[in-house]
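# A structural walkthrough
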Amino acid sequence: FMSVLAAVMTALQSTLGYQELAEKHRAAGANYNALGREMEFMFEAGRENNFEGLDNMRQRIDSLAKESPHIPKSVHSYMHKHGVSDEWVLQDKSEV
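A few words on the overall build of the chain. Looking only at helices and strands, the chain has four helices and zero strands in total. Evaluated residue by residue, the chain yields a buried proportion of 9% over its 96 residues. Restricting the contact set of the chain to residue pairs at least 6 apart, pairs at least 24 apart contribute 58%. Of the accessible surface of the chain, which amounts to about 8400 Å², a share of 58% is contributed by carbon and sulfur atoms.

Here it is in structure tokens:
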């Protein structure tokens, strides 16, 4: 019985593509983190009035949003229910 269950679970896992989806989420997160670091650098360097750079950043964010996997509404609901904010919170470096 256990070997049949293991075979079914393996087939489901490969059919549903969880590994591939997890990798897409990981890559999207890494790309968003890289953009976040670039934005922090831009603001710390006093370049927030660089409208060409900001427009480039906006285009890259839009592109990332299009190619990143969708996060289901159930995940957003779970996060909201458990008090996890889905808004960006900028912290003062002295507070960290």
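Back to the text.
Bringing the side chain of Ser 68 into the picture now. For Ser 68, the location among the structural elements is in the loop between helix 3 (51-67) and helix 4 (73-81). Within polar-contact distance, the side chain of Ser 68 engages the backbone oxygen of Leu 64 at 2.5 Å. In this structure, Ser 68 is in contact with Ala 28 and Tyr 32, ignoring residues within four places of it in sequence.

The rules behind the values
Residue indices follow the written sequence of each chain, beginning from 1 at its first position. Two thresholds apply to this predicted model, a pLDDT of at least 70 for residue-level local features and 80 or more for giving and counting side-chain atom pairs, whereas whole-chain, interface and lining totals are computed over all residues. Think of the side-chain values as coming from all heavy atoms in the structure, minus any hydrogens and water. Numbering of helices and strands starts at the N terminus; helices are DSSP runs of H or I of at least 4 residues and strands are runs of E of at least 2. Relative accessible area decides the class of each residue, using a 1.4 Å probe on protein chains only: under 20% of the type maximum gives buried, over 50% gives exposed, and in between gives partly exposed. Contacts were defined at the residue level, with two residues in contact if any of their heavy atoms lie within 4.5 Å. With residues, only the protein chains shown are counted as cover, and all accessible areas are computed by Shrake-Rupley using a 1.4 Å probe. Contacts described as polar in this section are N or O atom pairs within 3.5 Å, which, within protein, must combine one atom able to donate a hydrogen with one able to accept it, while residues neighboring in sequence count only if both atoms come from side chains.

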